[in-house]
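Analysis of the macromolecular model
One-letter residues, chain by chain:
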Amino acid sequence: MLSPSAVPLLLSFAAAAVTGAAAFLALRRFNREEAVASLRQGVRDAVLLLREPPTVLVTGFRAHGKSSFINTACRALAAEAGPMLLRAETSPPVTHSATFDRCVIRASVAGGGSEDEKEEEEATCAVVALVDTPALPEPGNLTTADVEEALSGVPLPECVALVLRCGGPTKDRHAAVKKLADVATAIRQRGLQFVVILTHKKRIKSMRQAEELRREIAFRARTDCVYFIENYTAGNMLDLRRPWATKNNLDTHYTVLMIVRQCVEFAKLRRSHSVVPATNGGGGGGSSTRLLHR
Ligand SMILES: Nc1nc2c(ncn2[C@@H]2O[C@H](COP(=O)(O)OP(=O)(O)OP(=O)(O)O)[C@@H](O)[C@H]2O)c(=O)[nH]1
Ligand SMILES: [Mg+2]
């Protein structure tokens, strides 16, 4: 039986433990915020080294999260908080692509945050051009010509972000993943590098499932640049207590900045190559009418 004199002591221990845990969590959050800010500064420095903004084409199947990814990237790059600003139009899955036309969204990259850096930021504007595109045809109907058409047009991409949804019906996902090798080949044939972005990360139930999917995608697309992300979406804003504010998620921020950092590197690499492949589907010699493997 606990003596009454021991109760205040126990309460003090409990209070100390809670304060310690809170301090630890605050420190951990502070460190992660620092990591995000420093990654953003890294993206900004890399973009400023390129004279023209790097151009990243965002492509993929219908309603897999292309436009949402662009909105997420804009928020993280600009270091925005509070209301979610939508630069690219998104909509719940419908029978046709919600994005009708190719559209270039110029995402500004904010700096680290100190007063000196803010002044410098105003003087030098770092921008990444993100190209939102209408959806590729459904995997069963996709041809090389469709992929080449998506990759052509103005402005010419310097790197491709291939967006694929993790969640959704298993059959649809399998069909999309199976087509990945062909899409990746068509992108490479144009001399472009790419990253694969797996959206709806929260649908993945375990680390094991994530690893299996990552390995399959890496194998089919022959790339290590595979990222899982949970986009910021309009759905996240429907919190009735705070209708217009979206809470930033450090994991989402970190991932999207990593993706953009990688894309900037790919753009830089492409510019450093003196011979740019022809825009008429050259480079790999693939016929634009050849059907992709079904
Ligand atoms: N939970 C969750 N929902 C997402 C995510 N990404 C996109 N969505 C939702 O998926 C739906 C389609 O997203 P969009 O960004 O419009 O997809 P899209 O690929 O641009 O679609 P189209 O332009 O129609 O081809 C919307 O309802 C989004 O809110 C994500 O990572 N997680
Ligand atoms: Mg769209």
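Higher on the page you've got the structure.
Please read these numbers as outputs of a predicted model, since none were measured by experiment.

What follows is about the overall build of the chain. Broken down by element type, the chain carries seven helices and six strands. Start at the N end of the chain and walk to the C end: the helices and strands fall as α-β-α-β-α-β-α-β-α-β-α-β-α. Counting every position in the chain, which comprises 294 residues, the buried fraction comes to 33%. Sequence separation of 24 or more characterises 80% of the internal contacts of the chain that already satisfy a separation of 6 or more.

When a protein is soluble and globular, its nonpolar side chains tend to lie buried together. Residues A73, A161, I197, V260 and C263 are the most contacted members of the largest nonpolar core, which totals 58 residues. Each residue touching I197, except ones within four places of it in the same chain, is listed here: F69, A161, L162, V163, Y227, I229 and I259.

Let's shift gears to the environment of A107. Positionally, A107 belongs in strand β2 (residues 103-108). The spatial distance from the C-alpha of A107 to the C-alpha of I70 is 8.7 Å, given a sequence separation of 37 residues. Filtering out sequence-adjacent residues up to four positions away, A107 remains in contact with A73, C74, L77, V127, V128 and L130.

Moving on, we come to the pairing of strand β1 (residues 55-60). Here is the key point about a regular strand: its side chains alternate between the two faces of the sheet. In terms of burial, β1 is largely enclosed, as five of its six residues are buried. Pairing between β1 and strand β4 (residues 159-165): five bridges, direction parallel. Pairing of V58 across the sheet is with A161, part of β4.

Excluding glycine, residues mostly carry a negative phi; peptide bonds, for their part, are mostly trans. Omega for the bond connecting V154 with P155 falls within 30 degrees of zero, at -5 degrees, which places this linkage in the cis form. With respect to the secondary-structure elements, P155 resides in the loop between α4 (144-151) and β4. Of note, the phi angle at A79 is positive, near 55 degrees, even though the residue is not glycine. The residue A79 is located in the loop between α2 (66-77) and β2 in this model. Given 17 C-beta atoms within a 10 Å radius, A79 is considered partly exposed. Of note, the phi angle at H200 is positive, near 60 degrees, even though the residue is not glycine. Topologically, H200 is positioned in the loop between β5 (194-199) and α6 (207-221). The class for H200 is partly exposed, based on 19 C-beta atoms found within 10 Å.

Moving on, we get to the site of ligand 1. Near ligand 1 you find 23 residues, and of these G65, S68, T90, A135 and T233 are the closest. The dominant element in the shell around ligand 1, judged by the number of residues it contributes, is α2, at three residues.

The subject of this paragraph is the sheet that holds β1. In space, the six strands of this open sheet follow the order β2-β3-β1-β4-β5-β6, with mixed pairing throughout. Looking at which strands have only one partner, the edges of the open sheet turn out to be β2 and β6 (226-228). Between one strand axis and the next, the sheet turns by 25 degrees as a mean value, whatever way the strands run.

Now for the pairing of β5. Within β5, six of the six residues are buried, which leaves it mostly tucked inside the rest of the structure. Neither face of β5 is exposed, since F194, V196 and L198 on one face and V195, I197 and T199 on the opposite face are all buried. Relative to β5, β4 is paired through six bridges, and the arrangement is parallel. Bridge pairing in β5 links L162 to V196. Each parallel crossover has a hand, and for β4 linked through helix α5 (residues 170-189) to β5 it is right-handed.

Each full turn of the α-helix corresponds to 3.6 residues, which orients residues three or four apart in the same direction. Taking 1.5 Å of rise per residue, 20 residues should cover 28 Å, and α5 covers 29 Å from first to last C-alpha, within 8% of that figure. Its maximal kink placed at L180, α5 deviates by approximately 35 degrees. Of the residues making up α5, those classed as buried are A176, K179, L180, D182, V183, A184, A186 and I187. For α5, the secondary structure elements touched by its buried residues are α4, β4, β5 and α6.

Time to look at the packing of α4 against α5. Running from N to C, α4 and α5 point in directions that differ by 50 degrees, and their axes come no closer than 10 Å. When the axis of α4 is compared with that of α5, the two are oblique. As α4 runs across α5, the sense of the crossing is right-handed. Together, T144, V147, E148 and L151 of α4 and V183, A186 and I187 of α5 make up the contact between the two elements. Looking at the contact of α4 with α5, its residues break down into five nonpolar, one polar and one charged.

The rules behind these values
- Along each chain, residue indices are assigned from 1 in the same order as the chain's sequence is written.
- A letter from A marks each chain and a number from 1 marks each ligand, given out in the order of writing.
- Local features are withheld for residues below a pLDDT of 70 in this predicted model, meaning they are given only at 70 or higher, and side-chain atom pairs are given and counted only at 80 or more; totals for whole chains, interfaces and linings count all residues.
- Working definition: helices are DSSP H or I runs of at least four residues, strands are E runs of at least two. Numbering for both runs from the N terminus.
- The exposure label follows from counting other C-beta atoms within 10 Å of a residue's C-beta, where the C-beta atoms are placed from the backbone and the thresholds are 20 or more for buried and 12 or fewer for exposed, leaving partly exposed in between.
- Whether two residues are in contact depends on their C-beta atoms, placed from the backbone: they are in contact if these lie within 7 Å.
- Any set of buried Ala, Val, Leu, Ile, Met, Phe, Trp, Tyr and Cys residues joined through C-beta atoms within 7 Å is what this text calls a nonpolar core.
- Strands are treated as partners if at least two bridges between them are detected by DSSP.
- Using the backbone to place each C-beta atom, any residue with that atom within 6 Å of a molecule or strand is considered near it.
- To obtain each axis, a line is fitted to C-alpha atoms, and for helices this fit is confined to the stretch in contact; angles are then taken between N-to-C directions over 0 to 180 degrees.
- By definition, the crossover connecting two strands over a helix is right-handed if that path, from the first strand to the second, turns clockwise as seen with the strands pointing away from the viewer.
- The span you would expect from a helix comes to 1.5 Å times its residue count less one.
- In this scheme, the bend at a residue equals the angle between the axes fitted to the seven residues that finish there and the seven that begin there.
- For classification purposes, angles smaller than 35 degrees are called roughly parallel, those larger than 145 roughly antiparallel, those between 65 and 115 roughly perpendicular, and all remaining angles oblique.
- Handedness of each helix crossing follows the sense of rotation of the near helix against the far helix: counterclockwise by less than a right angle gives left-handed, clockwise gives right-handed.
- Amino acids are sorted into nonpolar (Ala, Val, Leu, Ile, Met, Phe, Trp, Tyr, Cys and Pro), charged (Asp, Glu, Lys and Arg) and polar (every other residue, Gly among them).

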